[in-house]
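Here are the chains, one letter per residue:
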Amino acid sequence: DQQVKQNSPSLSVQEGRISILNCDYTNSMFDYFLWYKKYPAEGPTFLISISSIKDKNEDGRFTVFLNKSAKHLSLHIVPSQPGDSAVYFCAAVPGAQKLVFGQGTRLTINP
Amino acid sequence: GAGVSQSPSNKVTEKGKDVELRCDPISGHTALYWYRQSLGQGLEFLIYFQGNSAPDKSGLPSDRFSAERTGGSVSTLTIQRTQQEDSAVYLCASSLGILAETQYFGPGTRLLVL
């Protein structure tokens, strides 16, 4: 069973516009969420996180929003840049340090 | 090197053969994780080592999979009698702290079982 779901396998956005990546989860016990970014032939790198006690966390061009009642989180990138083109993974922490990942969304930023 | 390294980067094997995948974590990192990403799937947790504690093997999909970590550093993931469904990218990560975002990932080993 897929506890963390990213239903959009790909997304294409014009440079300078906002990119919105979505993630849904099923387990209400998840209390910490992360976004990772992955370039081809490289491992994922941590981007931004959010605790369930918050509904928003911002870091520069990246903002993560959490809607606990809907079990939904989203990553906003604004303005989008060509270097943002990558696969983005949403992950949840169910306890200890194990991460439960979504399937990933491939973001392409068009010049 | 400064980061997590994995070898080989690519491995093609025949069904039924055994394979060993290696992970060199960042020096000093006490925790080491193995994940895999099958086609169209997210990263799936396999096993977690923390210091000298017994590893958390709860994610290993079958008894054909095993892993060990020697001397608290290098780890080897072994898959015996490989099957085609084992084809995936196997990722290793290491961490020093207790926060999940401090996991640093290696580039992965792409395994193809024919």
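Rules and cut-offs
Residues numbered from 1 in each chain as written. Chains lettered and ligands numbered in written order. Predicted model: local features only at pLDDT ≥ 70, side-chain atom pairs only at ≥ 80, totals over all residues. Heavy atoms only, no water. Pairing = 2+ DSSP bridges. Helix = DSSP H or I, 4+ residues; strand = E, 2+ residues; numbered from the N terminus. Axes fitted to C-alpha atoms, helices over the stretch in contact; angles between N-to-C directions. Disulfide = S-S within 2.5 Å. Buried < 20%, exposed > 50% of the residue type's maximum accessible area, 1.4 Å probe, protein only. Core = buried A, V, L, I, M, F, W, Y, C linked by side-chain atoms within 4.5 Å. Contact = heavy atoms within 4.5 Å.

1. What about the sheet that holds strand β6 (residues 65-69) of chain B?
All names here are of chain B.
No. 1: Strand order in the open sheet formed by four strands is β1-β3-β7-β6, and the pairing between neighbours is antiparallel. One side of each edge strand has no neighbouring strand; the edge strands of this open sheet are β1 (5-7) and β6. Strand-to-strand, the axes of this sheet are offset by a mean angle of 15°, without reference to chain direction.
No. 2: With three bridges joining them, β1 and strand β3 (residues 19-24) adopt antiparallel strand pairing. Within β3, the position partnered with Q6 by the bridge is C23.

2. So, the state of the cysteines
No. 1: A complete count under the given rule lists two disulfides over all chains for this structure.
No. 2: Here C23(A) connects covalently by a disulfide to C90(A), the sulfurs 2.0 Å from one another. Handedness here is read from the sign of the S-S torsion; for C23(A) and C90(A), about -70°, the answer is left-handed. Here C90(A) lies in strand β9 (residues 86-92) and C23(A) lies in strand β3 (residues 19-25), a separation of 67 residues in the sequence. Like C90(A), C23(A) is buried.
No. 3: Between the sulfur atoms of C23(B) and its disulfide mate C92(B) the distance is 1.8 Å. Note on the C23(B) and C92(B) pair: the S-S dihedral is about -65°, so by sign convention the disulfide is left-handed. In this pair, C23(B) is assigned in strand β3 and C92(B) in strand β8 (residues 88-95), connecting sequence segments 69 residues apart. As far as the burial class goes, C23(B) and C92(B) line up, both buried.

3. Description of the nonpolar core
Residues and elements named next belong to chain A.
No. 1: Counting 23 residues, the largest nonpolar core has F33, W35, L73, L75 and Y88 as the members making the most contacts within it.
No. 2: Taken together, the elements giving at least two residues each to this core come down to β3, β4 (32-38), β5 (45-51), β7 (62-67), β8 (72-77), β9 and β11 (105-110).
No. 3: No other element matches β9, which puts four residues into this core.
No. 4: Once you skip the residues sitting within four places of it in the chain, L73 turns out to touch L21, N22, C23, Y25, F33, W35, V64, F65, L66 and C90.

4. Quick look at the pairing of β9(A)
Residues and elements named next belong to chain A.
No. 1: Within β9, seven of the seven residues are buried, which leaves the element mostly enclosed by the surrounding structure.
No. 2: Here three bridges tie β9 to β11, and the two strands are oriented antiparallel to one another. Looking at β11, one finds that Y88 is bridged to T105.
No. 3: Where β9 meets strand β10 (residues 100-101), two bridges bridge the pair, whose relative direction is antiparallel.

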